[in-house]
Amino acid sequence: HALANYIQKLNIFKIYLVQKNSVWNAFVMGIHSNEKVPPLGSTEALHEDGPANAEKARIWKTDLERHFEEVRIVETENLSESELHNSSTETSYKIVKLVTMVVVFLVLLSATVVSKGATFLMVSQLSKTRSPMPYCTSSIPYAYANLTGPVDARNSEQEKVAWLWGLFFSFLAPELLILLQSLWNVLTRAKKKKESEGDNKKKKESEGDKKTGNAEEIKEENNLLRVDFFFISLSEVAHAAGTAILFFIAFPEMDSISGIMATTALCWFPGCLLILKQIKAKNWKRAPLTVISTLLLLTTIAWPLVWGHANKADNKIWALPVGLFLTSLGWWEGFVGEGTDYLFQLKMKLMDHEKNSDINLGVAPLKICVFLVIFMFGGYLHLNSPYELFTLFLDSFSTLDYFVSPALPGTSETPIYHITTFLENGEILWKGPTMVIIVQIVSTWVAYIFGKFACKGKIQKLCYALPLSVLATPVSVLSLLLLCHNRKSDACFYTSFPPHVFFLCPEEVWKFDWKWLGIIWIVSQILITLHIWFPKNKKLEKTDHIFGADLYSGLLIDQSLMLNRRSDEEKNTKMESQEEDKPGKIRIKGCATLWHETSEEMTVMLQSTFRMDDWTKKMKETPGHRDYFDWELHVFFDDAMATKSNGKVIVNDFVETLRKTIEDYGEKYYGPTKWSVDLEKFKTPYGGRMVWQLPGGTSINVHLKNKKKIRHKKRWSQIMYIYYFLVYMLKNDGLTEEEIEDRKKNTFLLALDGDVDFQPDAITKVVDLMKVNPKVGAACGRIHPTGTGPMQWYQKFEYAIGHWLQKATEHMLGCVLCSPGCFSLFRAEALMSHNVMHTYTTMASEPKHLVQYDQGEDRWLCTLMLKQGWRVEYCAASDSFTQCPEGFKEFFNQRRRWMPSTMLNIVDLISDSKTVIKNNPDISKGYMFYQSFMMFGTVFGPGSIFLMLIGAFSTAFGISNDTALIINAVLAGGFVVACCVLKGPEQVRLAELLTVVYAIIMIAVYIGIILQIIQDGPESLTALSFFVTFGSFLFAAIIHPMEFSCLFCMPIYMATIPSMYMLLMIYAIFNINDVSWGTREGPKSAEDKVKEEEEKQNRVPDGVLGFVQSQLDSTLNGLLCCMCCGNADKNEEKMKKIERSLNRIERHLNIDSAEQMPDNPTNLSDKSDMPKKKDEGTIEKIIETDNQNDSAKPNKTSGIGLLSLKGVTKRWDIFLKTQKEKVIENWNNNLDEKEKDFWVKLIEQYLLPETFNDEKRKKEVQGLLELKNSAAGGFVLINVMWISAFYMLQAHTNELGIIWPLGGKLTSISFDTNDQYSNQIILDYVYLQVDVLGMLFAVGFIGLMLLQFITMIIHRLLTLEHIVSSTDLRKPTDQDCKSEKKKLENIGSNLVNRGQHTSDV
């Protein structure tokens, strides 16, 4: 690498040009300038313009172009990781959406039909006037075998009790869920904090007393009043009473077909409200249809009169219309418009989830009580007392009790037989009413879940409106007609039903009769609920914004889903959500931090940046696009300056690499014609700034930080851009206070690393989470590590299970604790909230702060946001890619930073859990317990791994536990000692060696675990832990099909568990005092090298312990070098000598100005024209020798020599210009005075470079050493105690252990010989004995894995919902085709221009 740099620097003076004659040059110039070119060898034709010459020139040019294309080398660009991922996911997502739509449609329709069928099966058992039902004679008990011929059956009153309770439980299930949900919300709700006095004073000054008074009035209007609670209670109680009347009084006296059709006549009150709404909105097209539909529902009054007269049930004809009307009063929120002022305001109040919870907490018990009263006294069962509903409860569910009698028409006296069948154990579940009740409750809940999924996933038309509005009732009616027809034909047709249980079928199944009324009601329902065909909700909309009530009606699932669906979501959305949806309102500032990235890593980031530029341009051409947002990129470059020996400040080589990479890749990406971008340079108080305006309209702003003017490192760069965007830009855009507050809500900062690779879709997915919930302060996506080698394979699987299991669990149980800085979106309002940025700018005053604040700044920022009540979420649908450490040393140093910082932040949250739970409504005590358990596992993880290795060694190698303990103690203890006496690099070398050793041993360990499972059985603790762990990994990979390949990296992960969970933990704790970055360390300055060398020479060990430590250090260091590196030290010394020589050459090459250059660069052999240097071995000698060698060679063509001299002259000019432009003082574009003043004040307040004197540095170093000693000592102590306790308990398991109840082994079978009449068989089982701590730890681990497994599935469903709602299946329109055609034409033009540019070069 050093030699390559040397050659590159010498090329400044030595240029090799391609030999070209003058005719060829003229030809190339003619082609590119579109001028006529004369034939080869015709010099006079250069001045002729005749058509013959023009035609010859055209033919000649075409022929040469063909030959030129044959030899042209076309450079192809490799696709980035995100492009490869996007190309595979785009089609996959469309397939997933199609499959999901089919599944949702079928499941929703099936669940609705099954729910209605199970409901009316229960209702059919309650009729008192129904005629006896044909009974299957093959089911007649043996005692009544004399019954021949047709037999009828009817239920006893005891049997009806179970079916009554079944209807009650079906109604109770959703109401109980609402009650529990509201109770949980009230109990865990964070107390709202009052505004500070300063904020109130500021608001009064800006808005005045009048505005303040208006704000207070608005606040009072938004609060629920007593009259509001009274109205809601009245409507909900009426709804419950109407439902009870329908299902306990009206429907039992109707056949099942008529009852199902009657449920479509529940739109009375919604229809009236819809008429008022449409008249107010002057919607004269739909208002007449709504009026007609509502009037048609009046036929529900006439039909019961006819039906009641025909069935001589005049005393119950009132039940149907009254029940339908009262039930419809509960569905009003979805049909209220601005025409009904009070109801509209009340609806807006109820969109607040907290207010809804308060209402439900009081209303749900009222509804349950009203339903229970009608259930007890309105069923008209022939019971002595309603209390028999409770006394007969158990008997009704544990028996089948009914009457059978011969079907003898015309006989006055018919014998009746009472049959009672007792159900035992499992029969109660699947033979009696219990199974029907469970099916009804589960199918209703499934229908609600899939219906809500269809609405949030924006597949409502085909997967929600079609099955519910058009198909549910007809399919249910046709299915029942078919069932009734088959049962009428053969009483034994359905053996799955109990013989006495079936639907109440009409006398004549296929008779049309009054069924035309049902068709009218269905049409009315479709017209009144027409709004469900035209959804207006956003992606992932809140449930409160989609449905009027929190849950659903347990007995009327399809009607509740349709009538409870809001019809005007666009007006119901909160103000901040409205503002976010408006194009141009959302602003995203990309904030990338750079330090010592390579050109390849910078190119990856530039690919993403240029893609964003193209995407932004495309969105601007599509007005009103839902995903559009303003975008600009700001790059903050740490340590970007270097000071030369003459005192001039210039940009360093990394900045030059970035500039050259932008220029080169910009020309490559856009093409030479489009990439005509001028670089603007600004001199700033913190260093400098470079700005590129990209062709798509966005910009790249590179902020170059001089560490001598402003504080460096990533945290201070974040503070720098947060204050720049959220203070300076907001205050200087001429906005009012209200507009500033609105801008804060809709401005987001996208934190990026310098090597991140992402697609625009990744940002839109994360923004979706911000739109849905305004309390989300930060959100991150799925991070994929890129690179090659075993370390990348390990991290690939580690990142996978970390996101699949841990982040998903944190998202579902509470909040994600860390939104990584490589790709995370932060809300401006959250960053500027109280005690977030103010605390984030705090200087570390304690040793642990140096670790917590600066070693994991992204996690600490999230910790501060969580403490202030903001939510942090994880979006699995957003994918980004970042370079991961590929070397073992770099990986260990990265985790050495991360692990202590992570632990300190989690401990900070747990220790302040009361405040966090109080302020943050998403964090509960259960979530804090989960994090405490995870922290416990992290701290005791090394000891647990140590114990696992002891048992595995013993099983795999057939050695005793004591021997296994000694072997592992030597390995682990040796590493602990090495961490005490060796330096960091040597510790990493030893860890790398032990990693290889442990990886080989782990192969035997896993074989030992399998042998132990075979020995102990599949139900042992070891087997269960093994199956749960690997089963979770396998299932997680299956439900993440696009990431299934991560599973192939699992062997590397499993083989390195001892290293990564034991050695790495030890290394991190014992090096907690090392606060250096550890990765991408740049070259040290000469001053730092001198200081480090002096400290090394002056470092003398103190006392005997110091002498021993130094000797051990020297011995172990030499041993490790011999084992791992051979003669690396000698080779390293030689390389250092080469490096010093190259550094001398480099100093001579860094010429500061044109005065040091030769006046006549064409005469390079003249030594007097070269700059003079004092040191020996200067570059003049090299150039002189090189020129002498060149002059000794024969020169065949004098033109070539002249051309070469001209090339050298041109390169000298370029070099002089580049060197001059690198000097910051030469940058003339100055900032605006306001901005300059802002930076000066910000630097003075927060970002002044930290100055260290010897005393302060010594104090800091001493504090970190004390922190290391206390942390390492405590860590070793508690793990040794943990190992000792476990080991001793395992050694005395027979005396102190407990019996594991599962997996008993049968040892013998014996018979009872004492009693000759006894048939008793005695089975002897032996159960495993386990120690108490081991059992508790294993059970806790299994429970944790199961918890993560369940939450992962739920989160995966939410991700599927997100993917489905974001994927568009539409065919490209004409406009899309034109845009795509234009894009392809531009790409072709760029390729042609690129080829012409290549030929020029």
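As shown above, the structure is provided for reference.
Worth saying up front: this structure is predicted, and the values here are computed from it rather than measured. Throughout, residues of each chain are indexed from 1 in the direction in which the sequence is written. Totals for whole chains, interfaces and linings use all residues, but because this is a predicted model, local features are given only for residues with pLDDT of at least 70 and pairs of side-chain atoms are given and counted only at 80 or more. Based on all heavy atoms of the structure, the side-chain values leave hydrogens and waters out of the count.

Visitor: Looking at this structure, I do not really get the overall build of the chain. What am I missing?
Guide: Per the secondary structure count, the chain includes 53 helices and 21 strands. Buried, partly exposed and exposed residues are distinguished by accessible area as a fraction of the type maximum, computed with a 1.4 Å probe on protein chains only: under 20%, between the cut-offs, and over 50%, respectively. Here the chain holds 1401 residues, and the buried ones make up 48% of them. Here the analysis covers contacts within the chain between residues at least 6 apart in sequence; of these, 80% occur between residues at least 24 apart. About 68900 Å² of surface is accessible on the chain, with carbon and sulfur atoms providing 60% of the total. Strands are runs of DSSP state E lasting at least 2 residues, helices are runs of H or I lasting at least 4, and numbering of each runs from the N terminus. By the convention used here, residues are in contact when the closest approach between their heavy atoms is within 4.5 Å. For the area figures, the Shrake-Rupley method with a 1.4 Å probe applies, and any residue is considered shielded solely by the protein chains shown.

Visitor: In this structure, what is going on with the state of the cysteines? I would like to understand it.
Guide: Such a bond, covalent and formed between the sulfur atoms of two cysteines, is termed a disulfide. Criterion for a disulfide: a pair of cysteine sulfur atoms at a distance within 2.5 Å. Within the structure shown, the criterion is met by one disulfide. Through a disulfide, Cys-484 is tied to Cys-505; the S-S separation comes to 2.1 Å. Across the disulfide from Cys-484 to Cys-505, rotation about the S-S bond amounts to roughly -80 degrees, and the bridge is consequently left-handed. In this pair, Cys-484 is assigned in helix α19 (residues 460–489) and Cys-505 in the loop between α19 and α20 (515–528), connecting sequence segments 21 residues apart. Look at Cys-484 and you get buried, because its relative accessible area is 1%. The class for Cys-505 is buried, based on a relative accessible area of 16%.

Visitor: How do you make sense of the packing of helix α30 (residues 790–813) against helix α37 (residues 925–939) when you look at a structure like this?
Guide: For any two helices packed against each other, one specifies the inter-axial angle together with the distance between the axes. Only the stretch in contact is used when fitting a helix axis, every axis being a line fitted to C-alpha atoms; angles between N-to-C directions are given from 0 to 180 degrees. Two numbers describe how α30 lies on α37: the axes approach to 10 Å, and their chain directions differ by 155 degrees. Our classification of the angle between α30 and α37 gives roughly antiparallel. In this structure, α30 crosses over α37, and the sense of that crossing is left-handed. Across from Gln-806, Thr-809, Glu-810 and Leu-813 in α30, the residues of α37 making contact are Tyr-927, Tyr-930, Gln-931 and Met-934. Angle categories: roughly parallel below 35 degrees, roughly antiparallel above 145, roughly perpendicular from 65 to 115, and oblique for all the rest. Each helix crossing is assigned a hand: it is left-handed if the near helix lies turned anticlockwise from the far helix by less than a right angle, otherwise right-handed if that turn is clockwise.

Visitor: So what exactly am I meant to see when it comes to a nonpolar patch on the surface here?
Guide: The grouping of Ile-1299, Leu-1306, Ile-1309, Phe-1311, Ile-1321, Leu-1323, Tyr-1325 and Tyr-1327 at the surface amounts to a nonpolar patch, some 810 Å² of accessible area in total. Elements with a contribution of two residues or more to the nonpolar patch: β19 (1305–1311) and β20 (1321–1326). You can see Tyr-1327 is positioned in the loop between β20 and β21 (1329–1330). Patch criteria: residues need more than 30% relative accessible area and no salt bridge. Like-charged residues are merged within 9 Å; nonpolar side chains of Val, Leu, Ile, Met, Phe, Trp and Tyr are merged within 5 Å. The working definition used for a salt bridge is a side-chain nitrogen of Lys or Arg within 4 Å of a carboxyl oxygen of Asp or Glu.

Visitor: Help me out: how do you make sense of the pairing of strand β9 (residues 679–684) in this one?
Guide: On a regular strand, each side chain points to the face opposite its neighbour's, so the side chains alternate between the two faces of the sheet. Bridge analysis of β9 against strand β10 (residues 687–693) gives six bridges, and the strand direction is antiparallel. Across the sheet, residue Thr-684 finds its bridge partner in β10, namely Gly-687. Joining the antiparallel neighbours β9 and β10 is a turn of two residues. Being paired, for any two strands, means DSSP has found at least two bridges between them. Alignment of β9 against strand β17 (residues 1229–1230), held across two bridges, turns out to be parallel. Each residue of the ladder has a partner; that of Phe-682, found in β17, is Asn-1229.

Visitor: How should the pairing of β10 be read in this particular structure?
Guide: For β10, the tally of buried residues reaches six of seven residues, placing the bulk of the element in the interior. Relative to strand β11 (residues 699–705), β10 runs antiparallel, the two sharing seven bridges. Looking at the pairing, Gly-687 lines up with Lys-705 of β11. Between β10 and β11, which pair antiparallel in sequence order, lie five residues; one of them, Gly-697, sits at a positive phi of approximately 110 degrees.

Visitor: Mind showing me how you'd approach the packing of aromatic side chains here?
Guide: Aromatic rings considered in pairs are described by the distance between their centres and by the relative angle of their planes. Put simply, two rings from Phe, Tyr or Trp (the six-membered ring, in Trp's case) pair if the centres are within 6.5 Å, and we call them stacked under 30 degrees between planes, edge-to-face over 60, tilted for the rest. A full pass over the atoms with the stated rule returns 67 aromatic pairs. Between Phe-1030 and Phe-1033 the ring centres are 6.4 Å apart and the planes differ by 70 degrees, which places this aromatic pair in the edge-to-face class. Residue Phe-1030 and its partner Phe-1033 are both found in helix α41 (residues 1021–1038); the two are separated by three residues, about one turn of the helix. Judged by relative accessible area, Phe-1030 falls into the partly exposed class, the value being 23%.

Visitor: I tried to follow the nonpolar core on my own but got confused; where do I start?
Guide: Most often, soluble globular proteins keep nonpolar side chains buried together rather than apart. Side-chain atoms within 4.5 Å are what join buried Ala, Val, Leu, Ile, Met, Phe, Trp, Tyr and Cys residues into a set we call a nonpolar core. In terms of nonpolar packing, the biggest core is built from 138 residues, with Trp-804, Leu-831, Met-865, Phe-892, Phe-975, Met-1062 and Leu-1247 touching the most fellow members. For this core, the leading source of residues is helix α27 (residues 714–731), giving twelve residues. In contact with Trp-804, other than residues within four places in its own chain, are Arg-782, Phe-1033, Ala-1036, Ala-1037, His-1040, Glu-1043, Cys-1046 and Met-1352. Leu-121, Leu-297, Met-376 and Trp-521 belong to the second largest nonpolar core, which has 79 residues in total.

Visitor: So what exactly am I meant to see when it comes to α37 here?
Guide: By definition here, a helix of n residues has an expected span of 1.5 Å times n minus one. Relative to the 21 Å expected for 15 residues at 1.5 Å per residue, α37 spans 21 Å between its end C-alpha atoms, a close match to the ideal helical length. Turning to α37, its buried residues number three or more, namely Tyr-927, Met-928, Tyr-930, Gln-931, Met-934, Met-935 and Val-939. Packing partners of the buried residues in α37 comprise α30, α35 (888–911), α36 (913–919), α38 (941–957), α50 (1254–1291) and α52 (1332–1366).

Visitor: How should the side chain of Asp-558 be read in this particular structure?
Guide: Positionally, Asp-558 belongs in helix α22 (residues 557–563). Judged by relative accessible area, Asp-558 falls into the buried class, the value being 0%. Discounting chain neighbours no more than four positions away, the residues touching Asp-558 are Thr-112, Lys-116, Leu-468, Ala-472 and Thr-473.

Visitor: Where do I start with the environment of Ser-124 in this structure?
Guide: Locating Ser-124 in the fold gives a position in helix α4 (residues 81–124). Residue class for Ser-124 comes out buried when judged on its relative accessible area of 3%. Linking Ser-124 and Asp-255, residues 131 residues apart in sequence, is a C-alpha distance of 7.5 Å.

Visitor: Just to check I follow, could you spell out the sheet that holds strand β6 (residues 630–637) for this structure?
Guide: Within a sheet, neighbouring strands are paired by backbone hydrogen bonds and run either parallel or antiparallel to one another. The mixed open sheet is built from eleven strands, whose spatial order is β13-β16-β14-β15-β12-β5-β6-β11-β10-β9-β17. Of all strands in the sheet, those bounded by a partner on one side alone are β13 (757–758) and β17. Packing against the sheet, helix α26 (residues 653–670) makes contact with β5 (587–594), β6, β9, β10 and β11, and its axis sits at approximately 5 degrees to β10.

Visitor: Can you walk me through the pattern of salt bridges in this structure?
Guide: Once their charged atoms are close, side chains differing in charge can pair, the charge on each being opposite to the other. By the definition in use, this model includes 32 salt bridges. Here Glu-1235 makes a salt bridge to Arg-689, at a shortest N to O gap of 2.4 Å. Here Arg-689 lies in strand β10 and Glu-1235 lies in helix α49 (residues 1233–1247), a separation of 546 residues in the sequence. Each member of the pair, Glu-1235 together with Arg-689, is buried.

Visitor: Help me understand the sheet that holds strand β3 (residues 399–406), please; the structure alone is not making it clear to me.
Guide: With antiparallel pairing, four strands are arranged side by side in an open sheet as β1-β2-β3-β4. Every other strand in the sheet has two partners, leaving β1 (133–135) and β4 (417–422) as the edge strands with one partner each. Within this sheet the neighbouring strands show an average axis-to-axis angle of 40 degrees, counted without direction. Note: β1 against strand β2 (residues 151–155), three bridges, orientation antiparallel. Bridge pairing links Tyr-135 to Val-151 in β2.

Visitor: Is there a simple way to think about empty space enclosed by the protein in this case?
Guide: Any empty space left between atoms is shown by rolling a water-sized probe over those atoms. Only protein atoms enter the 1 Å grid, on which a cavity is a set of points fitting a 1.4 Å probe that cannot get out and a pocket is an open set with protein on both sides within 12 Å along at least 5 of 7 lines, lining residues being those with an atom within 4 Å of a point. Grid points are joined across faces, edges and corners, and a volume is the space filled by probe spheres set on the points. Tallying each qualifying case throughout the model produces nine cavities of 30 Å³ or more. Roughly 380 Å³ of volume is contained in the largest cavity. Around the largest cavity sit 29 residues that line it, and Ile-178, Glu-236, Lys-367, Ala-549 and Asp-550 are the ones nearest its centre. Those elements that place two or more of their residues in the lining of the largest cavity are α5 (157–188), α7 (226–250), α14 (353–377) and α22. The residue classification treats Ala, Val, Leu, Ile, Met, Phe, Trp, Tyr, Cys and Pro as nonpolar and Asp, Glu, Lys and Arg as charged. All others, Gly included, are polar. Here the lining of the largest cavity is composed, by residue class, of 14 nonpolar, ten polar and five charged.

Purely geometric stuff here, so don't read any function into it on its own.
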